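# Observations on the three-dimensional arrangement
Residue strings, one per chain:
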Amino acid sequence: MKLLKIDFQNINSLRGEHHIDFTQEPFLQNSLFAITGPTGSGKTTILDVISLALFNQVPRLGKMSTNEILKKGAILTRNQSEAFAKVTYRCKAGIFASTWSISTARTGNLRDYHMELEDLESGALLDLKKSDVPAKNEELIGLSYDQFIKSVVLAQGEFARFLQVPKKERGALLEKITGTEIYRRIGQEVFLKNKERAAAIDAKKSKIETYKEQLLDEEVYKLKQSEAEKLQQAREAIKSKLERLGKEIDLKTKLRQEEAELAKTENELKELRVRQQEFDSEKGLKLKRHQEIQVFGDDLNTWQSLTEKVKDKQSEITTASEAIKTAEAERNRLKHEISEVFKLDVSSENFSEKLEVYKTDLRKLIAERNTIATSFTNTKTHLKSLASPLHFDSDPSDTAAFEAEVWRNLTTKQKTYEELEARFDLKNQAVSDKKEKLQHQLKQLRQAEKSATAIEHLKSVLQERQTEATQITEQQKGLPEQLHALKTQIELKEAQLEAKQHKLEIENLQKQLSDYRRELIDNEPCPLCGALHHPYSEDLPLAENGLKTAIDTLKQELNELSKKRTATETSLSQLEKQEKLIQERISAGTAQLKTEQEKFDNEFKDLLKEVSAGSFKDLENSLEEQERQLNQAENLQNELKLLHTLKSQTEDLNTLLKQGKHVSHEIEKHFTGKISEFEHKINSIETAWNRNEQNLQQQQQLLKAAEATAKQVQEQLSKLSEKLTAALQQKGYDSIELALQQRLPAGEAQALATEHQNLQNALLRLNTLHAKLKEAIAGLKETAGEIPLEELKQQQHENNEALTKNETAFNEVSRLLKNQKQNLEAIEQLQQEIKTSIEESRHWYILNELIGDSKGDKFNNFAQDLTLQQLLLLANKRLIQLTDRYRIDQPGDEEDDSLVAIDEHMGGQRRSIKTLSGGETFILSLALALALSDLASRNIEINSLFIDEGFGTLDPETLDQTLDTLEVLQAESSKMIGVISHVDSLKERIATQIQLTQNGQGYSTLKVV
């Protein structure tokens, strides 16, 4: 995978569009380049653009979303509305361009981000959702996001810490750096799986013990089986007896019920006969007369209907006559109202014609008034809007006050402007030109003040470095004398050790028999006779002369002195390097101060003459006051122009007001009331007139129709009355009214007929039932036994109690027998499940023994040891290219927990990484970072590499050596290597650079040189 282009817009501090094309010069000739710029200028932003465009992630912030961008204020440049990041890269599958973008909607809210991936060889956009683009890039490149930032972007900070942490922390840090957390999770999962397996088996074993505790003894179990059989036999006998008793009780009970029913039926028959007699005497005659009259029922109904119609028509005639009088009175009232309100004299014949002409004329006047009112309102609103910046006290509605205030403002502001015009000669030169010249002077003044501040800062830094150099010189004092004293002590101790060792060798040669006796060990052969038991070797006096102890002490003292000498040499070497470095910085700082001072004196020569009389601040205040006055003059120009406009439009407003008053006066001549209510009132009066006229016509028609119908109905009633009276007299009724008095209402007549029929039906039913009951009682007396019903029920109760006791005892015994069977089956099933579970999960037990524990340390430590061995092997290969002095190794059991540096210049001496200088630590951490890149990309060809910071800790010699190594690495591997730093000497060494600079507003620019 190789990066070809980086294009982006408005990312972090880099405002605007920027393009870096690695396929063009100067990158074609120099694939080793530097990304340089001051702190905060956006060097690391270039790396953010790469990871954002490919994976929608930024190392410092994580995954990006609209909420994250808003919450963290990241990615999108301040005060900008859109941004994008685009990376073009080559991989095995071809050339692709991955783009990330975001923008702001018209509402001001941030839209959701968008991603797309284009195949540049075919020119087609891949059909992917934005969330699928990172995964597709990972597939094409062959690296996940974590692998990408560890193999393409190398940050030194983590590795410098990795070199010095204890072993326990080193495993966790290596796990984080290499992304191998999976081994810890595997160890934890194995432990949890085995724990779950063991817990499940233990739970089943506990259940087995619980079931065993509930089992019955074998003898008890057999007794319970026998008891259950006896209870079953007794229960069958009791059920048989209860069945027989039940039949007897049913017969006796039914006989008693039938006898009671017979007595009840006889009582009902007596009551029914009494009711029959009462009905015949009280209601029978009324029903009979009604039935006689009912022969003339239809004619009587017609006579009643015609009589009611005559009454109804007389009522209609009266109602219609009264309504006609009311309508005529309403017509007169409406005529008077129309005359008063609308100044109009109308009649029923000319109402419509006169009203239409009136409405047309008045509506024209109202429309004209409304048009004038709208123009007046619009003009007033426009005036108010125009005058709002001037904050007038009066409102345009009060035209006189408003016009007076316009004149006052015009006079006052004109006078003020004329004074400023004379002061700045604005008749001959525009305000904008004056302001532009003044702003240029202010800008130059502020630049000079900023440069002066920077020079003072350089002087302060130079003073601090000189103080630091003095301190280092003080620290060096005495170290050479200490080193010489330590060397003298070491030589003395070495001579003493050599003498003691020589003396011990002589004594070993002069050993006597008693000395060998002391060295005999039981059950080991004697060197003289071969015996295994040595009785004469016991209870010998001690013959130790102290030589071995003295030699051991001298060796220990020599070791301590050697360590002190090494530490002193290291300290002296580091202080000398620091002194050399600080002196170089002082020289560079002095030269820079001189250059900056000369540049300042030349650039601001003319300005300094003006400042000499006062200070930068005084001159700046004077120029700012002039700028304020020019802004005032510019504002007055605009306000005067506005006031002239207001004056003209106020005159228009007065004209509209006069026109509106004239039209309103014309309307008042023809209409009494509010103009806004005209349409409502005219429509209401028109509707009321038309409705009243219509009602009057309807009532007149109703009166005529009612009178005609009343005459017709009266004739029909007279004919029917004559006919019906003659027929009723033959039945003994003198008049129709007397006959109608004997006629019952339909409901009452029907109720009496139904009551009579129900009495007849009830008598028939009860007589039939009485006969049947007598027959049934005779049959039951022949079938039933002699035992009384109460005695039978007592026997049934006793047998039911016996059955209940039997069933309770039987159920208890059955429950015990059933539980015994279920418990045995459960125990057998659980034992089989335990056996199966042990067989099936044996591999979890073995895995847990090998790699499992609750924290995952066992497998993780093993895996990290292997990873560390491989990483250190690759690091040492890289380290050979960087330096021939050091190699990295794991610490021994007796050494410090941090990694060990093997110093080849000191005869392979093993030193803790903590004793190395900052520059040496950087060299080792760079080797580790390059090794991790090799490890992460072992299956993928990585042709682009970025190394982020760390070069500031190197002395010039080591920096040159490191850059030589990177150049060799670039040449051998054809990698494109980018070095991110602000070290000046590195900028001078690497010709091809991506330079970033900051302006005073916090934005940065990018330039490729």
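Quick note: structure is the one above.
Rules used in this analysis
- Residues numbered from 1 in each chain as written.
- Predicted model: local features only at pLDDT ≥ 70, side-chain atom pairs only at ≥ 80, totals over all residues.
- Heavy atoms only, no water.
- Helix = DSSP H or I, 4+ residues; strand = E, 2+ residues; numbered from the N terminus.
- Buried < 20%, exposed > 50% of the residue type's maximum accessible area, 1.4 Å probe, protein only.
- Contact = heavy atoms within 4.5 Å.
- Areas by Shrake-Rupley, 256 points an atom, 1.4 Å probe, with all protein chains shown as cover.
- Axes fitted to C-alpha atoms, helices over the stretch in contact; angles between N-to-C directions.
- Parallel < 35°, antiparallel > 145°, perpendicular 65-115°, else oblique.
- Left-handed = near helix turned anticlockwise from the far one by under 90°.
- Nonpolar A, V, L, I, M, F, W, Y, C, P; charged D, E, K, R; others polar.
- Expected span 1.5 Å × (residues − 1).
- Salt bridge = Lys/Arg side-chain N within 4 Å of Asp/Glu carboxyl O.
- Phe/Tyr/Trp six-rings, centres within 6.5 Å; stacked < 30°, edge-to-face > 60°.
- Lys NZ or Arg CZ within 6 Å of the ring centre and 35° of its normal.
- Pairing = 2+ DSSP bridges.
- Patch = residues over 30% accessible without salt bridge, like charges linked within 9 Å, V, L, I, M, F, W, Y side chains within 5 Å.

## Side note on the overall build of the protein
- Helices and strands together make up the secondary structure of the protein, namely 27 helices and 17 strands.
- Across the 1009 residues that make up the protein, the buried fraction comes to 36%.
- Considering only intrachain contacts with a sequence separation of at least 6, the fraction spanning at least 24 residues in the protein is 73%.
- If you sum the accessible surface of the protein, you get close to 60700 Å²; carbon and sulfur atoms cover 49% of it.

## Description of the packing of helix α7 (residues 182-213) against helix α24 (residues 857-882)
- It is at 7 Å that the axes of α7 and α24 come closest, and there the two elements cross at 150 degrees. Judged on the interaxial angle alone, α24 and α7 are roughly antiparallel. In this structure, the crossing between α7 and α24 has a hand that is right-handed. On α24, the residues that touch Y183, R184, I186 and G187 of α7 are D857, F859, N860, A863 and Q864.
- When grouped by side-chain class, the residues that make up the contact of α7 with α24 number four nonpolar, three polar and two charged.

## Some details on α7
- Its 32 residues give α7 an end-to-end C-alpha distance of 46 Å, which sits within 8% of 46 Å, the value for a rise of 1.5 Å per residue.
- Residues of α7 that are buried: R184, G187, V190, N194, R197, I201 and I208.

## Here we look at the pattern of salt bridges
- Inspection of the entire model under this criterion finds 18 salt bridges.
- K136 is the salt-bridge partner of E139, the closest N and O atoms lying 3.5 Å from each other. Separated by three residues within a single helix, E139 and K136 lie in helix α3 (residues 133-141), roughly one turn from each other.
- Note that E812 and R815 form a salt bridge whose closest N and O atoms lie 2.5 Å from each other. Residue E812 and its partner R815 are both found in helix α22 (residues 789-840); the two are separated by three residues, about one turn of the helix.
- Taken together, the shared-partner salt bridges in this structure form one network comprising E330, R333 and E337.

## A look at the packing of aromatic side chains
- In this structure the tally under the stated criterion is 14 aromatic pairs.
- Between F33 and F946, the aromatic rings sit 6.1 Å apart at their centres with planes inclined by 80 degrees, giving edge-to-face as the arrangement. Of this pair, F33 sits in strand β3 (residues 32-36) while F946 is found in strand β14 (residues 944-948), placing the two residues 913 residues apart along the sequence.
- We classify F33 as buried; its relative accessible area is 0%.
- Ring geometry for W100 versus Y113: centroids 6.3 Å apart, planes at 15 degrees, classification stacked. With W100 in strand β7 (residues 94-103) and Y113 in the loop between β7 and β8 (114-119), this pair connects stretches of sequence that are 13 residues apart. Taken as a pair, W100 and Y113 share a single burial class, namely buried.
- Put simply, the rings of F22, F27, F33 and F946 pair up and form one aromatic cluster.
- Of note, R15 hangs over the ring of Y1003, and the distance from its end group to the ring centre comes to 3.8 Å.

## What about the environment of Q694?
- Along the polypeptide, Q694 turns up in helix α19 (residues 678-729).
- Residue Q694 is classed as partly exposed on the basis of its relative accessible area, which comes to 47%.
- Each C-alpha atom, one on Q694 and one on A327, is 9.5 Å from the other, the two residues being 367 residues apart in sequence.

## Re unusual backbone geometry
- With an omega of 5 degrees, the peptide bond between E25 and P26 qualifies as cis.
- Its place among the elements puts P26 in the loop between β2 (14-21) and β3.
- You will see that N12, though not glycine, has its phi angle at about 55 degrees, which is positive.
- Within the fold, N12 resides in the loop between β1 (2-11) and β2.
- According to the relative accessible area criterion, N12 is partly exposed, its value standing at 23%.

## Quick notes on the sheet that holds strand β12 (residues 900-903)
- Pairing is antiparallel across the open sheet formed by three strands, whose spatial order is β11-β12-β13. In this open sheet, the two strands that pair with only one neighbour each are β11 (886-889) and β13 (909-912). Each strand of the sheet is rotated relative to its neighbour by a mean of 35 degrees, with strand direction disregarded.

## Thoughts on a nonpolar patch on the surface
- A cluster of nonpolar residues, Y845, I846 and L850, forms a patch on the protein surface that exposes about 300 Å² of accessible area.
- By secondary structure assignment, the location of Y845 is in helix α23 (residues 842-851).

## Re the pairing of β3
- For β3, a buried count of five out of five residues is recorded, marking the element as mostly surrounded by other parts of the structure.
- On β3, burial covers both faces: L32, A34 and T36 on one face and F33 and I35 on the other are all buried.
- When β3 meets strand β15 (residues 976-980), the two strands line up parallel, connected through four bridges. Bridge pairing in β15 links A34 to V979.
- Direction of pairing for β3 relative to strand β16 (residues 993-998): parallel, over a ladder of three bridges. Residue pairing for β16: T36 is matched across the bridge by Q995.

What is shown is where atoms sit, not what they do.
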